[in-house]
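Understanding the architecture of this molecule
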Amino acid sequence: MNLRLLVISLLLISGFYSAQVGVNTTTPTETLDVNGSLRVRNINQIGPNQSAKDSIMVFDADGVVKYVSANKVVSQATAGSSKVLTNSTLTGNGSTGNELGLAQQGATSGQVLAWNGTTWLPVNAAGLSTTVSNTSTANLLSTTVNGTTGTTVNIINNNALSITSGILKSSVNGVDSTATLPVSDGSDTKVEAGTGAVTVTGTGTTANPYKVNNTFTEVDGSITNEVNTALSSAVNTLSITDSNGTLTAPMVNSVANDITAGKLTTTVNGVAGTAITLPVSDGSDTKVTAAGINAISGNGTTATPYIITGTEVDGSVTNEVNTALSSAVNTLSITDSNGTLTAPMVNSVANDITAGKLTTTVNGVAGTPITLPVSDGSDTKVEAGTGAVTVIGTGTTANPYKVNNTFTEVDGSITNEVNTALSSAVNTLSITDSNGTLTAPMVNSNNLTITSGVLKSSVNGVESTVTLPVSDGSDTKVTAAGINSISGNGTTATPYIITGTEVDGSITNELQTLSITGNTISLSNTGGSVTIPTATTSQDGIISFTDWNTFNNKIGAVTATTRAAVTTSGTTSTVNNTGAYWNANQLQGIAISSTAPTSNQVLSYNGTNWTPTTQAATVASFSGGTTGLTPDTATTGAVTLGGTLAIANGGTGISTAATPGSIVFGNTATTLGYTAAGTAGQILKSNGAGAPTWVNATVPISSITPAIATNTIDNTNFAQTWNWSTATTQNPLALSGNALTTGNLLSLSGTGTLTSGSLINATAQVVATTTKGLLNIQNTAGASTGTVATIQANSTAGSGVNVYANGNVGVNTTTPAFTVATNTTATAPTLGVDGTTNSTNYTSTYLNLGNSGASFTWNQNAGSTASVTLTANSTLIITNAKMGMYGLIIVKQDATGNRKLTLPAGSKVINGGAGVLELTAVGNAADMLSYFYDGANYWWTVGYNYN
């Protein structure tokens, strides 16, 4: 495990000898004194279950942690200034037997409470009238009840487009769909043959790439300078290879798309293609469906716009009151007095590309194809029909249509407007009440446009954009080499034109290969061939195999008399060289004497002819040359050399004899020298250009040899500094002892009294990206038993800090009470303190659990303090609770109030109740619940009606 900064802190406090540990303070006053915030993820129980009633942790004025009884806290709250204060709208004081309640305030049967702007007063129910209207503006939906408009919510919360590896992904309210974008197959880059003997084949695709061929015929016979051996293309790179190597260039250099006046033009390498007229929306692609009291006529075009007519047909004003409307991600929630109903807003999202047109379909509603120009919304006409309906705006983004229902409810009833169901299917939202089911589309607009290479998606006015890659063909580069020249830029308007021209007139530099087959000689690379005729009696030519054998066999007919006799047998000829004809009688035109030579004679020239001569044994002259040696004066026999042999000739340049163990070194450019042998254990030291000397050994770290015995080095009072000034990512000094069991790899000790010094001092700069800290200690064993680190504060065994492999830390104890055995699901180390813990701040991660719904989960690993708003009768689920753990949660009522909370199984509530919890019923009221968990039961204490 990584202990990181915890272990650093433990090391820094190792000098405290009073068994007190200070964090961010050098003057602790308790066993553990924390000058800062303290976070404890898990707190375990010590003692029996009864301790739960006396286990509330508090801090005194000095920040010292202490325990007080729960009864004492309650008695202080009821006796002091914290007691519940009420006014005339409430009865009771919140104590047992005198619980809080609503005062009658003169109310009679059938009356209801109404807010008069200052307080709640009883009024007759018939005196109330309710008007409800819903308004959607662009992507916002709001509900107005009795003239009060609630907070608007988004219909579409997110709409994102992204392109990855050619895949377009559309995500609306978290619902994803993908489509593969078309890619260039290479044929948009045009390559044409220019002047000269050049041809171009292929279409530029991977399957059929462009092939540029040079078809001119060489007439000069050269085989060394103009042959390309390979031509290939990969993606956008054209490669040409000849004897001089491989050259590459892009084929397409630029691609651009432009939409002007409803026409799409693609330009590749500066060459513009034919403009294509894009279809234009007439407004009828926007679908409007009638539901409930609304009727729709028209088709959405300018000539026949949609007309929405609302008619109240049942006269009821009691079944349409919603108290809350919200959306989160892809869920739409509507709340009334009957509870909360939810349904997804987006059920399906799909993308389709056909014939170059991209269509996004949300909830079955297909948007405008990608190639259509941008619609500003005003082409869809919406007009008010009969009934209490008004329409304002032009339908554009800046001034959207607003359809308002202005009728007034006249019956004053507030009892028949409850929605009983809410659902969505494809793009239809359905709401059901006692009058039946009303439906409406959820996606009102879905447009895709491309402008200057930027793809924009707009769903209900919520936009997202992504830039599409384009190619005009100029990104393919073609570079000329050798006799070729290139014009154009690879676009449709100006394609690359490759022209080959013979400019040097050379006939010796165009590599070709000569081969022969039968009697035909061929020259490669269109060099042609020539056939050699067979030799006849009247024509030169090739001799056939048969004629050769015939000719060879005729050699046997050759004979000689006194000259050289030649005989043949098949293809073997034998020459008789024993005749006088083969005895030489001249050398270089000088006659050779006919005198017979004797043993050891040599042939010498006497001025007239070559004659056998006996060699005289004399030395006319002898020189040592440049060796520096001097010959003696002997004129016969062996010659003796004297002097000194120079270094250049393999000698030493000196005449001094070496002694045993001496070292030879270069003394001068022409002589060597000797350094006498040193004493045992010394090493040879260079003195630059001077003679080397023997010195006592001082070996660098990289040259240290393995020890063969136990060694002790006493540096007395000489400080040693090791510096790795350029090391960055290495481990400059690494110690390993893979066979260690009971020994210490590095043991530091001192018998003196430390004042301001330390045996270990680690200093460096820790920044935000530091991951291992100044000191990193890792236990790589898989087992969770054993001791990882011990810092003994004084001579008393167990004093100080002890870190164990199971993640527990003990302060002044070697056996922390909180062990893995009783906390088997612990996800963080446990700190056991045998003494008093002093912390200036104690914090726990605070969780806002939001709205409850029918149930909600409180994960203790995420935080043991939380808050929740009850939006319905709800059940609390607690996960990852550990024995001895404490928790606190604030439970709030929504505006409706009177929500019930069911506690987890095994719950015990203060002052009885058999685990049943009574909460403050007033709307928006807040109660605080705290628990202690003994491993089987939750012991709850409740504080009521905080305000």
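Note that this is a predicted model, so its numbers are computed, not measured. (Residues numbered from 1 in each chain as written. Predicted model: local features only at pLDDT ≥ 70, side-chain atom pairs only at ≥ 80, totals over all residues. Heavy atoms only, no water.)

This part takes up the overall build of the protein chain. A count of helices and strands for the protein chain gives 3 helices and 73 strands. Sequence-distant contacts in the protein chain: of pairs separated by 6 or more residues, those separated by 24 or more amount to 40%. (Helix = DSSP H or I, 4+ residues; strand = E, 2+ residues; numbered from the N terminus. Contact = heavy atoms within 4.5 Å.)

Summed over the entire model, instances satisfying the criterion amount to 9 aromatic pairs. Counting every residue linked through ring pairs, the aromatic cluster contains Trp 858, Tyr 931, Tyr 933, Tyr 938 and Trp 940. (Phe/Tyr/Trp six-rings, centres within 6.5 Å; stacked < 30°, edge-to-face > 60°.)

By size, the foremost hydrophobic cluster in this structure holds 22 residues, and its most contacted members are Leu 901, Leu 929 and Trp 940. Elements with a minimum of two residues in this core: strand E66 (855-859), strand E67 (865-870), strand E68 (874-879), strand E69 (885-893), strand E72 (926-933) and strand E73 (938-946). If sequence neighbours within four positions are ignored, Leu 901 has contacts with Phe 856, Leu 870, Ser 874, Thr 875, Leu 876, Val 891, Leu 917, Leu 919 and Leu 929. By size, the runner-up hydrophobic cluster in this structure holds 19 residues, among which are Leu 141, Leu 325, Val 346 and Val 349. (Core = buried A, V, L, I, M, F, W, Y, C linked by side-chain atoms within 4.5 Å. Buried < 20%, exposed > 50% of the residue type's maximum accessible area, 1.4 Å probe, protein only.)

Looking now at the sheet that holds strand E45 (residues 514-517). The antiparallel open sheet is built from 3 strands, whose spatial order is E45-E46-E47. The sheet terminates laterally at E45 and strand E47 (528-531), the two strands that pair on one side only. The sheet shows a mean angle of 20° between the axes of neighbouring strands, direction not considered. (Pairing = 2+ DSSP bridges. Axes fitted to C-alpha atoms, helices over the stretch in contact; angles between N-to-C directions.)

In this fold, Asp 934 is placed in the loop between E72 and E73. One buried charged residue, Asp 934, remains without a salt bridge, the closest side chain of opposite sign being Lys 908 at 8.7 Å. In this structure the side chain of Asp 934 is engaged in a polar contact, spanning 2.6 Å, whose partner is the backbone nitrogen of Asn 937. (Lys, Arg positive; Asp, Glu negative; His and termini not counted. Salt bridge = Lys/Arg side-chain N within 4 Å of Asp/Glu carboxyl O. Polar contact = N/O pair within 3.5 Å; in protein donor to acceptor, adjacent residues only side chain to side chain.)

For the rest of this paragraph, the subject is the sheet that holds strand E40 (residues 454-459). Taken together, the 3 strands give an open sheet; going across it, the order is E39-E40-E41, and neighbouring strands pair in antiparallel fashion. Looking at the sheet topology across the chains shown, the edges are occupied by strand E39 (446-451) and strand E41 (462-467). Sheet twist, expressed as the average angle between the axes of neighbouring strands with direction ignored, equals 15°. Both E39 and E40 contribute to a ladder of 6 bridges, which runs antiparallel. Note on E40: the bridge partner recorded for Asn 446 is Val 459.

We now examine the confidence of the model for the protein chain. Taken as a whole, the protein chain shows an average pLDDT of 74; of its residues, 72% reach a score of 70 or greater. Counting contacts from residues 1-17, a segment whose pLDDT is below 50, to residues more than four positions away or on other chains yields 38 contacts. Across residues 819-828 the pLDDT falls below 50, and counting only partners more than four positions away or on other chains, this stretch makes 11 contacts in the model. (pLDDT = per-residue confidence, 0-100.)

A word on the pattern of salt bridges. If you walk through the whole model with that rule in mind, you get 2 salt bridges. Between Glu 463 and Lys 456 there is a salt bridge, and its shortest N-O distance comes to 3.7 Å. Judged by its relative accessible area of 24%, Lys 456 falls in the partly exposed class. Notably, a salt bridge pairs Asp 894 with Arg 899, separated by 2.9 Å at the nearest N-O pair. The exposure class assigned to Arg 899 is buried, which follows from its relative accessible area of 15%.

Below, the discussion takes up unusual backbone geometry. Excluding glycine, residues mostly have negative phi values, and the peptide bonds linking residues are mostly trans. Phi angles above zero are rare outside glycine, and Asn 880 is one such case at about 60°. Among the secondary structure elements, Asn 880 is positioned in the loop between E68 and E69. On the basis of relative accessibility, which here comes to 33%, the residue Asn 880 falls in the partly exposed class. Here the phi dihedral of Asn 924 falls at roughly 70°; this positive angle occurs in a residue that is not glycine. Tracing the sequence through the fold places Asn 924 in the loop between strand E71 (907-909) and E72. Exposure remark for Asn 924: the relative accessible area of 57% places this residue in the exposed category.

With that out of the way, let us pick up the side chain of Thr 611. In this fold, Thr 611 is placed in strand E53 (residues 610-613). Not counting residues up to four positions away in its chain, the partners in contact with Thr 611 are Ser 593, Val 602, Leu 603, Ser 604 and Asn 606.

A surface patch of nonpolar side chains, amounting to about 1100 Å² of accessible area, comprises Trp 722, Trp 724, Leu 733, Leu 735, Leu 740, Leu 745, Leu 746, Leu 748, Leu 754, Leu 759 and Ile 760. Along the chain, Leu 740 falls in the loop between strand E59 (693-696) and strand E60 (787-791). (Patch = residues over 30% accessible without salt bridge, like charges linked within 9 Å, V, L, I, M, F, W, Y side chains within 5 Å. Areas by Shrake-Rupley, 256 points an atom, 1.4 Å probe, with all protein chains shown as cover.)

As paired elements, strand E30 (residues 349-354) and strand E31 (residues 357-362) share 6 bridges and run antiparallel to each other. Residue pairing in the sheet places Asn 351 in a bridge with Thr 360 of E31.

With that settled, the discussion passes to the environment of Trp 940. Along the chain, Trp 940 turns up in strand E73. Distance in space between the C-alpha atoms of Trp 940 and Val 909 is 4.7 Å, their sequence separation being 31 residues. Leaving out residues up to four positions away in the same chain, Trp 940 has contacts with Leu 876, Ile 878, Leu 903, Pro 904, Ser 907, Lys 908, Val 909, Ile 910, Leu 929, Ser 930 and Tyr 931.

When strand E56 (residues 663-666) meets strand E57 (residues 672-675), the two strands line up antiparallel, connected through 4 bridges. Each residue of the ladder has a partner; that of Ile 663, found in E57, is Thr 675. Counting the residues in the hairpin turn of E56 and E57 gives 5 residues.

Another point: the environment of Asn 159. Tracing the chain through its elements places Asn 159 in strand E13 (residues 159-164). When the C-alpha positions of Asn 159 and Ser 458 are compared, they lie 8.0 Å apart, and in sequence the two are 299 residues distant. Residue contacts for Asn 159: discarding those within four places in its chain leaves Ser 170, Ser 171, Val 172, Ser 457, Ser 458, Val 459, Val 462 and Ser 464.

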